[in-house]
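# Secondary and tertiary structure notes
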Amino acid sequence: MLVLRWIIPLLVIGGCSASPHNVLLLLADDAGFESGAYLNKFCQTPNLDALAKRGLLFNNAFTSVSSCSPSRAQLLTGQASHSSGMYGLHQGVHNFNVLPETGSLPNLLRDQSGGGIYSGIIGKKHVGPGFNFQFDYEQTEEHHSINQIGRNITRMKEYARQFLKRAKDEKKPFFLLVGFHDPHRCGHITPQFGEFCERWGSGEEGMGSIPDWKPIYYDWRNLEVPAWLPDTDVVRQELAAQYMTISRLDQGVGVILKELEEAGLADQTLVIYTSDNGPPFPGGRTNLYEHGIRSPLIISSPKKEDRHRETSAAMVSLLDIYPSVLEALQIPKPNDTKIVGKSILPVLKAEPSIKESDSVFGSHSYHEVTMAYPMRMVRNRRYKLIHNINYWADFPIDQDFYTSPTFQQILNATINKQSLPWYRSLLQYYQRPEWELYDIKVDPLERFNLAEKPKYNATLKQLRQQLFDWQVATKDPWRCAPHAVLQEQGIFKDQPACLTLGHEALQRPKRKMLGQYDEYVVLS
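Residues numbered from 1 in each chain as written. Predicted model: local features only at pLDDT ≥ 70, side-chain atom pairs only at ≥ 80, totals over all residues. Heavy atoms only, no water.

What follows concerns the overall build of the chain. Along its length, the chain carries 14 helices and 15 strands. A compact globule built from 524 residues should have a C-alpha radius of gyration of about 24 Å, and the chain, at 23 Å, falls within 12% of that. When the backbone C-alpha atoms are referred to their principal axes, the chain occupies close to 70 × 65 × 40 Å. Per-residue burial for the chain yields a buried fraction of 56% across its 524 residues. Expressed as a percentage of contacts within the chain between residues at least 6 apart in sequence, the contacts between residues at least 24 apart total 69%. Just so you have it, the chain exposes about 23400 Å², and 54% of that area is on carbon and sulfur atoms. The average position of the 56 basic charges and that of the 57 acidic charges among the side chains of the chain differ by 3 Å. (Helix = DSSP H or I, 4+ residues; strand = E, 2+ residues; numbered from the N terminus. Rg over C-alpha atoms; globule rule 2.2 N^0.38 Å. Buried < 20%, exposed > 50% of the residue type's maximum accessible area, 1.4 Å probe, protein only. Contact = heavy atoms within 4.5 Å. Areas by Shrake-Rupley, 256 points an atom, 1.4 Å probe, with all protein chains shown as cover. Lys, Arg positive; Asp, Glu negative; His and termini not counted. Charge placed at Lys NZ, Arg CZ, Asp CG, Glu CD.)

Looking now at the pattern of salt bridges. Following the criterion strictly, the structure yields 33 salt bridges and no others. Across the pair E290 and K384 runs a salt bridge, and its minimum N-O distance is 2.8 Å. Placement of E290 in helix α9 (residues 290-293) and of K384 in strand β12 (residues 383-388) is noted, with a sequence separation of 94 residues between them. Of the two residues, E290 and K384, neither departs from the other in class, the shared state being buried. Notably, a salt bridge pairs E488 with R479, separated by 3.1 Å at the nearest N-O pair. (Salt bridge = Lys/Arg side-chain N within 4 Å of Asp/Glu carboxyl O.)

Within the span of helix α5 (residues 105-113), buried status applies to L105, P106, N107, L108 and L109. Where α5 is buried, its residues contact α3 (68-77), β3 (118-123), β5 (174-179) and α10 (321-328). Positive backbone phi, approximately 60°, marks G114, located one or two places after α5.

Tallying each qualifying case throughout the model produces 2 disulfides. With a sulfur-sulfur separation of 1.9 Å, C480 is cross-linked through a disulfide to C498. Disulfide C480-C498: torsion about the S-S bond near -70°, hence left-handed. Here C498 lies in strand β15 (residues 497-500) and C480 lies in the loop between α14 (457-473) and β14 (484-487), a separation of 18 residues in the sequence. The connectivity of the disulfides in the chain is 1-2, 3-4, where the numbers refer to bonded cysteines in sequence order. Its sulfur unpaired, C43 is 17 Å from the next cysteine sulfur, which belongs to C197. This cysteine, C68, is not joined by any disulfide, and C186 carries the nearest cysteine sulfur, 15 Å off. (Disulfide = S-S within 2.5 Å.)

Take the packing of helix α7 (residues 153-169) against helix α8 (residues 233-262) next. Relative orientation of the contacting elements α7 and α8 amounts to 25°, with a least axis distance of 9 Å. Comparing the axis directions of α7 and α8 gives the class roughly parallel. Pair α7 / α8 crosses with right-handed handedness. On α8, the residues touching I153, M156, K157, A160, R161 and L164 of α7 are R248, Q251, G252, V255, I256, E259 and L260. Looking at the contact of α7 with α8, its residues break down into 7 nonpolar, 2 polar and 4 charged. (Axes fitted to C-alpha atoms, helices over the stretch in contact; angles between N-to-C directions. Parallel < 35°, antiparallel > 145°, perpendicular 65-115°, else oblique. Left-handed = near helix turned anticlockwise from the far one by under 90°. Nonpolar A, V, L, I, M, F, W, Y, C, P; charged D, E, K, R; others polar.)

Taking strand neighbours across the sheet as the criterion, the 4 strands line up as β10-β11-β12-β13 in an open arrangement whose pairing is antiparallel. A strand with exactly one partner marks an edge of an open sheet, and here the two such strands are β10 (360-364) and β13 (435-439). Neighbour-to-neighbour, the strand axes of this sheet turn through a mean angle of 10°, independent of strand direction. (Pairing = 2+ DSSP bridges.)

Before going further, it helps to spend a moment on the UniProt feature "domain: Sulfatase N-terminal" (unreviewed entry) in the chain. In this structure's numbering, the residues bearing the UniProt feature "domain: Sulfatase N-terminal" (unreviewed entry) are residues 22-330. Across residues 22-330, helical content stands at 31% and strand content at 16%; the span's end C-alpha atoms are separated by 10 Å. (UniProt positions renumbered as here; feature names shortened; annotations may be inferred.)

Bringing the nonpolar core into the picture now. One finds L24, L26, F174, F180 and Y273 to be the most contacted residues of the largest nonpolar core, which totals 58 residues. For this core, the secondary-structure elements that each account for two or more residues are β1 (22-28), α2 (46-54), β3, α7, β5, α8 and β6 (269-275). Top contributing element to this core by residue count: α8, with 13 residues. If you look at the next biggest cluster of nonpolar residues, it comprises 44 residues, including V98, L105, I339 and V347. (Core = buried A, V, L, I, M, F, W, Y, C linked by side-chain atoms within 4.5 Å.)

For the structure shown, the criterion picks out 20 aromatic pairs. An angle of 65° between the planes, with centres 5.6 Å apart, marks the rings of Y137 and F163 as edge-to-face. Linking Y137 in strand β4 (residues 137-140) with F163 in helix α7, this pair joins segments that are 26 residues apart in sequence. Centre to centre, the rings of W228 and F281 are 6.5 Å apart; their planes meet at 90°, and the pair counts as edge-to-face. You can see W228 sitting in the loop between β5 and α8 and its partner F281 sitting in the loop between β6 and α9, a full 53 residues away along the chain. Residue W228 shares its accessibility class with F281, and that shared class is buried. Taken together, the aromatic side chains of Y373, F395, W422, Y423 and Y429 make up a single cluster linked through ring pairs. (Phe/Tyr/Trp six-rings, centres within 6.5 Å; stacked < 30°, edge-to-face > 60°.)

Turning to the side chain of N22, a few remarks are in order. When you line up the elements, N22 lands in strand β1. Overall, N22 belongs to the buried group, its relative accessible area being 4%. For N22, the side chain forms a polar contact with the side chain of T269, separated by 3.4 Å. Leave out the neighbours within four places in its chain, and N22 touches K172, P173, F174, L265, Q268, T269, L270 and L329. (Polar contact = N/O pair within 3.5 Å; in protein donor to acceptor, adjacent residues only side chain to side chain.)

Structure, rendered in structure tokens:
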């Protein structure tokens with residue numbers, strides 16, 4: 001038996017046709033499709049556009065969770081947030097961490113390669129505890145201020161140069177995650193730098209300068225508002241600020257790729273660009289609506305025979321990044337049922353056949369610790385089903401979005417009973433039914449909930465079962481909620497069961513709307 005245990009790994013490695021790739025993962029913070037590559041005709045992103053021309057651009061990529069720390073954990077663990085234990089934000093009073101037994105890419109790469117693969121992270125990390133995510137090289141917010149290590153692209157470039165030199169000198173394949181902090185909001189903490197920290201490092205008086213950033217200024221009066229946002233001048237001004245920080249992100253991507261080229265490693269490195277979740281606007285981040293979960297994804301392979309200058313319609317999840325990195329570095333995927341993603345690398349060879357049933361899943365439980373609003377989702381090429389588990393509560397609003405000019409305009413218009421050019425009302429945004437079913441093909445803005453329509457009973461039933469099966473497979477603690485209690489110990493150990501809470505026998509009063517707004521502080 002001992003002989004076989006040694007021979008098998010040698011056969012696996014020996015059977016590969018080439019040495020392992022290096023992997024460079026470029027991760028944006030709250031970015032959507034604000035790039036020329038994704039047909040935004042206003043936001044200038046020449047470096048991302050060039051990367052897309054060299055690689056494969058995905059039009060159907062989705063995050064499984066719309067919150068920063070849980071999303072970063074999915075990339076590094078391959079697990080949905082309810083499986084890994086990273087239910088919400090890691091920092092400060094939120095204090096969410098993965099479960100003690102949860103593995104991660106840097107730990108697995110080190111253990112499986114015997115230290116032969118060099119791992120590193122530069123920029124925003126935002127996961128924990130540290131023991132579960134031990135990179136060989138780390139320069140993060142745990143060592144620097146978040147702006148200096150996540151927005152100062154010159155400093156990030158210098159650390160990337162140092163990492164690449166070490167990897168090359170030690171002749172090790174590498175995995176490097178570069179976590180940009182752009183275009184995350186910062187107005188609720190440091191308003192002097194602008195709502196998106198667009199003034200920070202811009203060279204304006206008192207703002208300092210970043211040598212590698214040449215700011216691009218946008219005239220908000222010339223911008224078009226995407227259909228999913230309120231069509232107001234306030235939103236246009238916010239978009240102008242957001243696009244300005246996107247230019248810092250884009251130029252950061254450019255300088256990191258230049259360092260890779262100058263290190264002589266570009267022709268050996270798989271480059272992946274994506275974002276943790278959607279933009280911090282209504283219906284975006286913290287939501288499982290389309291603009292909260294749809295993700296930019298560009299993968300550029302160094303192999304000439306792989307696909308370049310093409311787009312893909314493949315349905316992929318950011319849960320698929322974990323097995324993709326392992327395959328690129330020739331490390332076997334752990335035998336863990338909670339790791340459900342599949343490698344995307346075969347799509348670089350050939351476009352998979354399209355099936356209407358192609359599906360991705362979502363699991364969002366918290367963001368900030370006060371935002372207990374667990375949601376689960378399944379989405380195929382036509383329909384999306386969202387289960388709002390805590391539907392008796394109003395949908396919560398996070399701190400930095402609350403203080404944003406866009407939300408304040410919505411809030412004040414609602415309080416003052418003024419009209420607003422938006423297809424949702426604040427009441428609809430807050431109060432959501434338990435089940436939301438949308439036909440994405442004919443209703444991309446998710447305006448018409450079909451869950452109560454008899455015509456769609458069969459679709460609803462099928463999607464509910466598909467979602468529940470995924471929750472069971474990934475050991476979701478919420479899989480029986482909200483109408484039953486999960487029992488899986490004692491006499492239920494071999495056959496877990498959902499035991500009713502009797503909600504079906506209860507009559508619930510309708511919601512009572514609070515009318516005394518003067519009990520609260522309203523920002524003007």
